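Notes for the structure review
Here is what each chain is made of, one letter per residue.
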Amino acid sequence: MEEIFSALARAMAFGTPILLAALGEVVVERAGVVNLGVEGMMAVGALAAFAAAQTSGNPFLGVVAGVLAGGIAASAHAFVSVNLRANQFVSGLALTMLGLGLSGLLGNKYVGAPLEHPLAETGFTWAAVVLSIVIWLVLYFTRTGLVVRSVGENPAAADALGLEVYLVRYGATIFGGMMAGLAGAFLSLAYRPSWSDGMTSGLGWIAVALTIFVAWESIRAVFGAFFFGLLYHLAFRLQGRLPSEMLLALPYLLVIVVLTLAALRRRQGNAPEGLGLPYERGTR
Amino acid sequence: MVRLEFDPNPPGNRVWLVMGLAVLAAIALSSLIFWSYGVPPVTAYLTLFKGTLANPAGIAESFRRAIPLLLIGAGLSLAFRSQFFNIGAEGQLLLGASAATGVALFIPLPAELKLVTMFLAGFLAGGAYALIAALLKSRLGVNEILSTLMLNYIAVYIVQFLVNGPWKGRSLMGFAYTEQFPAAATLPVIGGTLIHWPTLLLGVLLALFLQLILNRSTIGYELRVVGENLEAARYAGINIGRTVLMVAMLSGGLAGLAGVGEAAGIHKRLLDPAQISLGYGFTAIIVAWLARGNPALTIFTALLMGLIFAGGDVMKLNLQMPFRVVDVFSGLLLMFLIGSEPLARYRLKFGRRA
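Residues numbered from 1 in each chain as written. Chains lettered and ligands numbered in written order. Predicted model: local features only at pLDDT ≥ 70, side-chain atom pairs only at ≥ 80, totals over all residues. Heavy atoms only, no water.

Some remarks on the overall build of chain B
Per the secondary structure count, chain B includes 14 helices and two strands. What you see for chain B is a C-alpha radius of gyration of 21 Å, in line with the 20 Å of a compact globule of 354 residues. Based on the C-alpha atoms only, the size of chain B along its principal axes is roughly 80 × 60 × 30 Å. The buried share of chain B, taken over its 354 residues, is 54%. Considering only contacts within chain B whose residues lie at least 6 apart along the sequence, 78% involve residues at least 24 apart. For chain B, the accessible surface area stands at approximately 15200 Å², while carbon and sulfur atoms represent 68% of it. Here chain B carries 25 positive and 15 negative side-chain charges, and the mean point of each set is 5 Å from the other. (Helix = DSSP H or I, 4+ residues; strand = E, 2+ residues; numbered from the N terminus. Rg over C-alpha atoms; globule rule 2.2 N^0.38 Å. Buried < 20%, exposed > 50% of the residue type's maximum accessible area, 1.4 Å probe, protein only. Contact = heavy atoms within 4.5 Å. Areas by Shrake-Rupley, 256 points an atom, 1.4 Å probe, with all protein chains shown as cover. Lys, Arg positive; Asp, Glu negative; His and termini not counted. Charge placed at Lys NZ, Arg CZ, Asp CG, Glu CD.)

Next up, the structure:
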């Protein structure tokens with residue numbers, strides 16, 4: 001029994017960064033913007049969090065720095081995809097390259113540095129679960145949520161009603177970046193707690209895939225993320241019995257399986273109508 | 001009075017001008033990165049210039065790096081023209097290298113057939129790997145960006161499994177790699193450099209050939225229609241699924257060829273994935289984007305990005321900067337390139353509104 005509980009606890013810790021980042025992406029995509037830069041924003045957030053916590057000695061300052069760094073990184077994507085109306089998919093990809101590169105470059109001097117006061121993993125996990133409920137409530141039961149959803153479904157109609165489409169999309173994108181930054185802070189302040197180049201190891205991409213799989217519903221994301229977490233844990237526990245490379249590749253393979261399943265069930269019909277399309281006033 | 005006017009079909013020279021400005025902006029912003037790393041930008045640029053353009057060894061290095069970029073970039077420009085966003089070239093390259101290694105080490109063949117078979121196997125392996133994502137896209141509508149990216153990670157573990165497990169060589173020095181290829185399975189290089197010229201020649205020929213296909217054949221026409229207007233393609237009775245599969249096979253196959261070149265020309269064995277490819281698959285996206293989807297132009301843009309790679313090496317050696325500096329520049333460049341693209345669709349108008 002105790003073993004099951006400890007296994008579940010580990011699964012939740014593994015799943016927390018995926019959940020935090022996916023919650024952000026749910027909001028972003030609900031507003032009609034696709035941001036494939038999650039992996040890069042997570043890396044930037046992880047480095048900023050670690051650097052701030054290490055130099056100030058205060059891990060909470062680290063969390064703030066991580067969240068801010070993620071938000072700033074996301075605003076680059078918002079500018080390019082909302083204002084300049086460029087291809088959102090490629091812009092996100094560029095943001096990932098930039099984020100991974102920048103964090104690897106500037107984080108060079110923090111490799112191997114110890115962190116005196118790491119944070120507890122469970123704090124982040126519970127915060128993520130609470131946030132998923134809050135996001136669900138806001139999306140479906142408040143005016144703000146209605147505004148975000150209508151901007152994502154039909155930006156032209158929302159604009160005609162006098163809603164600030166650009167502003168809402170900006171806000172949502174930056175929120176998504178802050179959540180990715182928080183996920184990064186979890187990795188470098190609680191989960192590891194240390195900094196290394198490439199420590200996000202594809203978690204950001206898994207979060208993007210999860211967003212599609214859970215059909216843009218924040219509460220479902222909780223179960224999805226912890227399911228992935230459980231898999232990571234199993235892979236970890238099975239080491240030695242199977243080739244470790246096979247187990248390490250498993251989560252990535254699972255993402256493909258999950259996306260295929262989502263497509264088979266036509267879940268993508270749930271996608272916001274205006275997803276990934278830049279909005280320009282005067283066009284439909 | 002100056003104002004902006006929308007121009008949906010910008011003339012070619014304005015597009016190139018805006019792109020040139022985007023490249024300059026990315027270079028200018030990189031100064032900020034060098035500075036934040038504690039390297040004075042002037043020193044950085046001087047070191048870069050001395051180590052690459054002003055140095056024969058640097059130029060040779062740029063050519064060597066340009067070879068995989070050219071092969072992958074030519075294929076990707078075709079893929080992007082048809083709106084198939086193949087981000088998995090990195091994995092397709094690794095599979096190509098693995099297939100070549102399998103042929104080189106384990107299949108007994110007459111010496112003169114060895115290399116040809118390796119290139120064929122690499123093309124098929126890379127193409128088949130891309131085909132997985134293409135099938136999922138055309139049959140079920142699975143986003144190919146995500147699936148090809150995940151296939152990259154899986155390819156890394158496949159190679160790691162091979163070099164640590166069944167294909168592990170005897171000569172170990174703390175690093176895992178396979179046995180060295182027999183002489184008949186290695187590519188000749190230009191004396192004193194690492195330029196494996198047969199692959200370079202193959203890349204140039206293929207880039208020109210793909211351009212010909214794109215501009216002068218029915219397949220190329222169909223591919224462009226699918227990319228520019230899916231609805232029109234459907235009305236015209238173009239087999240969209242087949243087009244996507246073909247583009248995937250070609251772009252994946254070319255990435256596979258790049259992998260064969262790296263394995264047979266540079267390393268002469270299969271080794272850790274991080275050493276086989278330094279992110280060629282991702283940088284090649286920029287190569288294709290800079291060429292605006294024209295395979296023939298990737299001959300030049302691949303050289304340009306090869307120069308950036310060589311520059312990364314110089315920065316690493318002389319200024320002790322991590323090689324990641326290349327990713328930073330690539331990311332900036334791509335961001336500026338796509339951000340500036342819509343800007344080309346506006347023209348400055350002087351004078352009063354008509």
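Describing helix H13 (residues 298–319) of chain B
With 22 residues, H13(B) ought to run about 32 Å at 1.5 Å a step, and its terminal C-alpha atoms sit 30 Å apart, in line with that. One or two positions beyond H13(B), positive phi appears at B:Gln320, with a value near 55 degrees. (Expected span 1.5 Å × (residues − 1).)

Observations regarding the interface of chain B and chain A
Across the contact, 42 residues belong to chain B and 48 residues belong to chain A. Note on chain B versus chain A: buried area summed over both sides is about 3800 Å², and carbon and sulfur give 80% of it. One can count one salt bridge joining chain B with chain A. Run the count over chain B and chain A and you get three residue pairs in polar contact (both at pLDDT 80 or more). For the side of chain B that touches chain A, the secondary-structure elements that each account for two or more residues are helix H1 (12–36), helix H5 (111–140), helix H6 (144–164), helix H12 (280–290) and helix H14 (325–340) of chain B. Sort the elements by how many residues they give to the side of chain B that touches chain A and H6(B) lands first, with 12 residues. (Buried area = accessible area lost by both parts, 1.4 Å probe. Salt bridge = Lys/Arg side-chain N within 4 Å of Asp/Glu carboxyl O. Polar contact = N/O pair within 3.5 Å; in protein donor to acceptor, adjacent residues only side chain to side chain.)

Some details on the nonpolar core
Among the nonpolar cores identified, the biggest contains 196 residues, and A:Ile18, B:Ile72 and B:Met118 are the most heavily contacted of them. Among all residues touching A:Ile18, those that are not within four sequence positions of it are A:Leu203, A:Ile206, A:Ala207, A:Leu210, A:Ala225, A:Phe228 and A:Tyr232. (Core = buried A, V, L, I, M, F, W, Y, C linked by side-chain atoms within 4.5 Å.)

Observations concerning the packing of helix H1 (residues 2–30) of chain A against helix H9 (residues 203–213) of chain A
How two helices sit against one another is set out by the angle between their axes and by the gap between those axes. All names here are of chain A. Taken N-terminus to C-terminus, the directions of H1 and H9 make an angle of 50 degrees; their axes are 8 Å apart at the nearest point. Accordingly, the angle class assigned to the pair H1 and H9 is oblique. Note that H1 runs across H9; the crossing there is right-handed. Residues Pro17, Ile18, Ala21, Ala22, Glu25, Val26 and Glu29 of H1 lie in contact with H9, whose contacting residues are Leu203, Ile206, Ala207, Leu210 and Thr211. (Axes fitted to C-alpha atoms, helices over the stretch in contact; angles between N-to-C directions. Parallel < 35°, antiparallel > 145°, perpendicular 65-115°, else oblique. Left-handed = near helix turned anticlockwise from the far one by under 90°.)

Remarks on helix H3 (residues 56–81) of chain B
Residue and element names in this part refer to chain B. Here H3 contains 26 residues, and its C-alpha end-to-end distance of 36 Å stays within 8% of the 38 Å for a straight helix at 1.5 Å per residue. Ala66 marks the point of greatest bend in H3, at about 30 degrees, and the proline Pro68 comes within the next four residues. Directly after H3, the chain includes Gln83, whose backbone phi takes a positive value near 65 degrees. (Bend = angle between axes of the 7 residues up to and from the residue.)

Considering the confidence of the model for chain B
Put simply, chain B has an average pLDDT of 91, and 97% of its residues get 70 or more. Listed scores for the predicted complex are pTM 0.91 and ipTM 0.91. (pLDDT = per-residue confidence, 0-100.)

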